[in-house]
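Analysis of the macromolecular model
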Amino acid sequence: MAEESIFQNLLEILMSASSEIEHIYKNSCELVDLDTCLLLIAECFRCLRNACVECAKNQHVMRNLGLISTSVNLIKLLHGIQIKEESLLTALRCSLQFLGNIAAGNGDSQNSIWKCAFPDLFLTCLTYSDEKIVAYCCMVLFTCLNSLKVRELLDPGNLTVALRVLKVYKEQLESEWSFLIVTDHLLKCPELVKALYAKLSNQERVTLLELIMAEISENPVTSEEMNVFTRHADFLAGCFQEKCEAVLKLTSAADAEDEEALVTVRLLDVLCEMTSNNGQLEHLQALPSLLETAIDTLRLTHLAGKQAVNIFTATHAMTGQEEISHPAVGFKSHLIRLIGNLCYKNKENQDKVYELDGIPLILDNCSIDDNNPFVNQWAVYAIRNLTEQNERNQELIAQMEEKGLADNSALESMGLEIEKQDDKLILRSVRKKPL
């Protein structure tokens, strides 16, 4: 631990430098004087920054001396300087590193920074043109945030901070701190996610959905987080139901990059991932109209692909790189996957698909389709879930095959065959023939 007098001296130097900068600007003095001040400020912050590392006593002394409030005020003053000299950038970077270090593992310092700096300092530095300054600002914000402070972002005047963090992540994909703010803090507050989503552009919504999907697929959801992600599931299912028909815009080559349609594609991806998790699956299975929306959307896209040649038209030969990279590739596969997930060990949903004529629709989408990779496998999975302990659905498929409405070769490729027992048609599983 260093002597308090050392930090007192550094504080006095910073305060003197602040006064000198104000004097230089008021009296239009030589910029060489400004450069000297900036170099001095940077060195002071380097000393303070290094003295904070893993030393709670030094953090405590600095905070009690008022170094946090002095630093925040000095950062605001430096931001007002119009020149973009390297000495200015260095001073700003070092000052933010100091705030990050004094806050590390120290709740009192975190609260002090929050009181002095939120939201103005974060808004100022998150919009700075220097990537390092933005990154260090994100570091300070991440270090200070907790569940209570995250809720303060819900205030309309403070929501801009969260919006800016998402923008930083989208523009600087290598920014680890902005990623951690979103995944460790923002996504833990369903109300905030909902408020953010309403303010985001469609491109930014895609970015947010990709972050949610990565969080679900890469990190097991704990029991404590289950309630949070269940509420996310409710909200995102509602968004999908509201905007699902936007995907039909992708039938036109001119609208292949329609942003609203791209959001719909990504919403479906997230719902597929969510319904692969048992806790969220049961909740989504109980939503009143999600399954109906999935079947209706599958019917609409299937019909669109039959009425004209487009991305929803089944094709058995690669037609070139253009279609392979189309954003709607796999969309029908994922719809069938979602339907299959929602019917997993759920008699009510199995029966609902029957009543909505969804079974013939799925069977009509079970052939190999280059625009929908693995569609055959997802159809097999969906049919299995639809027929498990459900005689009515089994009988329907058997009757369709007998009447020629279901392709027997397609059923065989699914590992299914029709057998007649006591004047009754039975659908049963068989070992698939080797290719």
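Preceding block: the structure.
Below, the structure is looked at part by part. (Residues numbered from 1 in each chain as written. Predicted model: local features only at pLDDT ≥ 70, side-chain atom pairs only at ≥ 80, totals over all residues. Heavy atoms only, no water.)

1. So, the overall build of the chain
In terms of helices and strands, the chain carries 24 helices and two strands. For the chain, the residues scored as buried account for 51% of the 435 residues in total. For the chain, the exposed surface amounts to about 20800 Å²; the carbon and sulfur share of it is 50%. (Helix = DSSP H or I, 4+ residues; strand = E, 2+ residues; numbered from the N terminus. Buried < 20%, exposed > 50% of the residue type's maximum accessible area, 1.4 Å probe, protein only. Areas by Shrake-Rupley, 256 points an atom, 1.4 Å probe, with all protein chains shown as cover.)

2. Quick word on the nonpolar core
By size, the foremost hydrophobic cluster in this structure holds 134 residues, and its most contacted members are L78 and F122. Beyond its immediate chain neighbours, meaning those up to four positions away, F122 contacts W114, A117, C137, V140, L141 and V161. (Core = buried A, V, L, I, M, F, W, Y, C linked by side-chain atoms within 4.5 Å. Contact = heavy atoms within 4.5 Å.)

3. A few points about the packing of helix 6 (residues 107–117) against helix 8 (residues 131–144)
Two packed helices can be described by the angle between their axes and the distance between those axes. Close contact between helix 6 and helix 8 brings their axes to 9 Å; oriented N to C, the two are set at 120 degrees. Between helix 6 and helix 8, the crossing angle belongs to the class labelled oblique. Helix 8 is crossed by helix 6, and the crossing has left-handed handedness. For the pair helix 6 and helix 8, the contacting residues are Q110, I113 and W114 in the first and V140, L141, T143 and C144 in the second. (Axes fitted to C-alpha atoms, helices over the stretch in contact; angles between N-to-C directions. Parallel < 35°, antiparallel > 145°, perpendicular 65-115°, else oblique. Left-handed = near helix turned anticlockwise from the far one by under 90°.)

4. Concerning unusual backbone geometry
Of the consecutive residues F118 and P119, the connecting peptide bond is found in the cis state with omega at -5 degrees. Positionally, P119 belongs in the loop between helix 6 and helix 7 (120–126). Even without glycine at this site, E54 takes up a positive phi of about 50 degrees. As for its placement among the helices and strands, E54 is situated in the loop between helix 2 (31–52) and helix 3 (56–65). On the accessibility criterion, E54 (83% relative accessible area) is exposed. Look at K345: it is not a glycine, yet its phi comes out positive at around 50 degrees. Turning to its location among the elements, K345 is positioned in the loop between helix 19 (331–342) and helix 20 (347–355).

5. Re the packing of aromatic side chains
Enumeration according to the criterion identifies nine aromatic pairs in this entry. With a centroid separation of 6.1 Å and an interplanar angle of 40 degrees, the aromatic rings of Y169 and F179 are classed as tilted. Taken together, the positions of Y169 in helix 10 (residues 159–171) and F179 in helix 11 (residues 176–184) put the pair ten residues apart, joining distant regions of the chain. We classify Y169 as buried; its relative accessible area is 15%. Look at F179 and you get partly exposed, because its relative accessible area is 29%. Here a set of aromatic residues connected by ring pairs shows up, and it is made of W114, F118 and F122. Above the ring of W114, the side-chain terminus of K149 is found at 5.9 Å from the ring centroid. Sitting over the face of the ring of Y354, R392 holds its NZ or CZ atom 3.8 Å from the ring centroid. (Phe/Tyr/Trp six-rings, centres within 6.5 Å; stacked < 30°, edge-to-face > 60°. Lys NZ or Arg CZ within 6 Å of the ring centre and 35° of its normal.)

6. Here's the deal with the environment of V353
In this structure, V353 sits in helix 20. Sequence separation between V353 and E292 is 61 residues; the distance between their C-alpha atoms is 7.8 Å. Dropping the residues within four chain positions of it, V353 is found in contact with L291, I295, I339, C343, G358, I359 and L386.

7. Description of the environment of K347
Relative to the elements of secondary structure, K347 occurs in helix 20. In this structure, the C-alpha to C-alpha distance between K347 and N390, residues 43 residues apart in sequence, is 7.4 Å. Leaving out residues up to four positions away in the same chain, K347 has contacts with Q389 and N390.

8. So, helix 17 (residues 290–307)
With 18 residues, helix 17 should cover 26 Å at 1.5 Å per step; its first-to-last C-alpha distance of 26 Å lies within 8% of that length. Those residues of helix 17 lying buried are L290, L291, T293, A294, I295, T297, L298, T301, H302, A304 and G305. (Expected span 1.5 Å × (residues − 1).)

9. A few points about helix 10
Its 13 residues give helix 10 an end-to-end C-alpha distance of 19 Å, which sits within 8% of 18 Å, the value for a rise of 1.5 Å per residue. Residues of helix 10 that are buried include every one of L159, V161, A162, R164, V165, L166, V168 and Y169, and no others. For helix 10, the elements touching its buried residues are helix 7, helix 8, helix 11, helix 12 (190–199) and helix 13 (202–218).

10. Examining the pattern of salt bridges
Using the criterion set out here, one finds 21 salt bridges in the structure. With its nearest N and O atoms 3.5 Å apart, the salt bridge here joins R151 to E191. With R151 in helix 9 (residues 147–152) and E191 in helix 12, the pair connects residues that are 40 residues apart, well separated along the chain. What makes R151 partly exposed here is its relative accessible area of 43%. Linking K188 and E225 is a salt bridge whose minimum nitrogen-to-oxygen distance equals 3.7 Å. Placement of the pair is K188 in the loop between helix 11 and helix 12 and E225 in helix 14 (residues 223–243), with a sequence separation of 37 residues. With a relative accessible area of 19%, E225 lands in the buried category. (Salt bridge = Lys/Arg side-chain N within 4 Å of Asp/Glu carboxyl O.)

The quantities given are spatial measurements derived from coordinates; they are silent on function.
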